Amino acid sequence: MGKDNQSSNMDFILLGVSGRQDQEDFFFILFLFIYPITLIGNLLIILAIRSDIHLHNPMYFLLANLSLVDIFFSSVTLPKMLANHLLGTKAISFGGCLTQMCFMLALGNTDSYILAAMAYDRAVAISRPLHYTTIMSPRSCILLVVGSWVVGNANAFPHTLLTGGLSFCGNQRVANFYCDIASLLKLSCSDIHFNVKMMHLGAGVFSVPLLCIVISYVRVFFTVLRVPSTKSVLKAFSTCGSHLTVVSLYYGTVMGMYFRPLTSYSLKDAVITVMYIAVTPMLNPFIYSLRSRDMKAALGKLFSKRVSS
Ligand SMILES: *[C@@H]1O[C@H](CO)[C@@H](O)[C@H](O)[C@H]1NC(C)=O
């Protein structure tokens, strides 16, 4: 035990993405790039949307909210991983572990509900353009955002309390680079049947937005097919195509992770979690802004304003 002398008996040990030192160095370098890019990319999106009056509409307000959630989401796990690697420790306190898990679940859920709100917004814009401003009023926009945060948090606290009540009998080696709920449940020596049921239920609640997203895009698809002009078809597909890319990356990896029996988890699954913990929050700003001419114009203005002042 001399090696990890900074860690107390109550601390959990984060084994990392792969558990092998050479690969840990690789992931450290990777996250060292990903984290600042995520922060700067998402921050620029928020600033560009705030500063450009042309982008003061529901689609971009929702996008700014997604960026805000992504900034918090990646800040819950990546700085701790980077700091631990630099300090040569793998320890995280029990409280820190539960806090990390709670924030990660809350923000991850909020993220998925905001993605659903964005898909709904596009479906209304494309299939009911004449009613768009009444349906997506500022009030309903705020409701969608607040609702996302409320449901997101509601799907995090019960799991955190339940996990906090478990005993670990000295099994404190978490097979991941952050405190993931599945990895923690697997370590416990208590009866975790109820916890696992709740985790699967939570994964179900997490997937409700996916259903909304699929329904929204099916609606978009059929509306677009009825329109004879190829130009509008292409425009609709390019907007929705970029949303769908983010959505499939995000849900594909999350569902591959949590809709399984707990016995099938192992350290190699930590690599899957890298996708939704680190990669999708970084990609969001690029996928959304690179395809939007308005967004590019706003970013350009943002920079020229900073240079001239
Ligand atoms: C989030 O959405 C609300 C409602 O549209 C909006 O008022 C707010 O400015 C958005 N947040 C950010 C960070 O842009």
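Here, every reference points to the structure presented above.
Reading the values: rules and limits
- Throughout this description, residue numbers start from 1 for each chain and increase along the sequence as written.
- At least 70 in pLDDT is required for a residue's local features to be given in this predicted model, at least 80 for side-chain atom pairs to be given and counted, and no such filter applies to totals for whole chains, interfaces and linings, which use all residues.
- Excluded from the side-chain calculation are hydrogens and water; included are all heavy atoms of the structure.
- Fitted lines through C-alpha atoms serve as axes, helices being fitted only where they are in contact, and the angles separating the N-to-C directions of these axes extend from 0 to 180 degrees.
- Only DSSP runs of H or I covering at least 4 residues are called helices, and only runs of E covering at least 2 are called strands; the numbering of each starts at the N terminus.
- For classification purposes, angles smaller than 35 degrees are called roughly parallel, those larger than 145 roughly antiparallel, those between 65 and 115 roughly perpendicular, and all remaining angles oblique.
- Handedness of each helix crossing follows the sense of rotation of the near helix against the far helix: counterclockwise by less than a right angle gives left-handed, clockwise gives right-handed.
- Whether two residues are in contact is decided by their heavy atoms: any pair within 4.5 Å suffices.
- Basically, the charged four are Asp, Glu, Lys and Arg, the nonpolar ten are Ala, Val, Leu, Ile, Met, Phe, Trp, Tyr, Cys and Pro, and anything else, Gly included, counts as polar.
- A cutoff of 4 Å decides nearness: a residue is near a molecule or strand if any of its heavy atoms lies inside that distance of it.
- Polar contact is the term for a pair of N or O atoms within 3.5 Å; when the atoms are in protein, one must be able to donate a hydrogen and the other to accept it, and sequence-neighboring residues count only if both atoms are side-chain atoms.
- The cut-offs for exposure are 20% and 50% of the maximum accessible area for each residue type, with area from a 1.4 Å probe on protein chains only; residues under the lower value are buried, those over the upper are exposed, and the others partly exposed.

Here the focus is the packing of helix H3 (residues 94-127) against helix H9 (residues 230-258). Interaxial distance between H3 and H9 falls to 11 Å at its minimum, and their mutual angle equals 150°. Classified by the interaxial angle, the pair formed by H3 and H9 is roughly antiparallel. By crossing handedness, the relation of H3 to H9 is classed as left-handed. On H9, the residues that touch Met104, Gly108, Asp111, Ser112, Leu115, Met118, Arg122 and Ile126 of H3 are Ala236, Thr239, Cys240, His243, Val246, Val247, Tyr250, Tyr251 and Tyr258. Partitioned by chemical class, the residues of the contact of H3 with H9 number 11 nonpolar, 4 polar and 2 charged.

With that settled, the discussion passes to the packing of helix H2 (residues 58-87) against helix H5 (residues 138-154). One can describe the packing of H2 onto H5 by two numbers: an axis separation of 10 Å at closest approach and a directional angle of 20°. In terms of their interaxial angle, H2 and H5 are classed as roughly parallel. Crossing of H2 over H5 shows right-handed handedness. Contacts between H2 and H5 involve Pro58, Leu62, Asn65, Val69 and Phe72 from the first element and Cys141, Val145 and Trp149 from the second.

Around the ligand, a shell composed of Arg50, Phe61, Ala64, Asn65, Cys141, Ile142 and Val145 is seen. In this structure, an oxygen atom belonging to the ligand sits 2.2 Å away from a side-chain N or O atom of asparagine 65. Of all the secondary-structure elements, those providing two or more residues to the shell around the ligand are H2 and H5. Residue classes in the shell around the ligand are distributed as 5 nonpolar, 1 polar and 1 charged.

The next point concerns the side chain of glutamine 100. You can see glutamine 100 is positioned in helix H3. What makes glutamine 100 buried here is its relative accessible area of 5%. A polar contact is formed between the side chain of glutamine 100 and the backbone nitrogen of cysteine 179, at a distance of 2.9 Å. In this structure glutamine 100 touches Val76, Thr77, Lys80, Ile92, Tyr178 and Cys179, once residues within four positions along its chain are discounted.

Here the focus is the environment of valine 174. Among the secondary structure elements, valine 174 is positioned in strand S3 (residues 173-174). Sequence separation between valine 174 and valine 247 is 73 residues, and the spatial gap between their C-alpha atoms is 28 Å. Ignoring anything within four residues of it in the chain, the contact list for valine 174 reads Phe12, Ile13, Leu14, Leu15, Ser183, Leu184 and Leu187.

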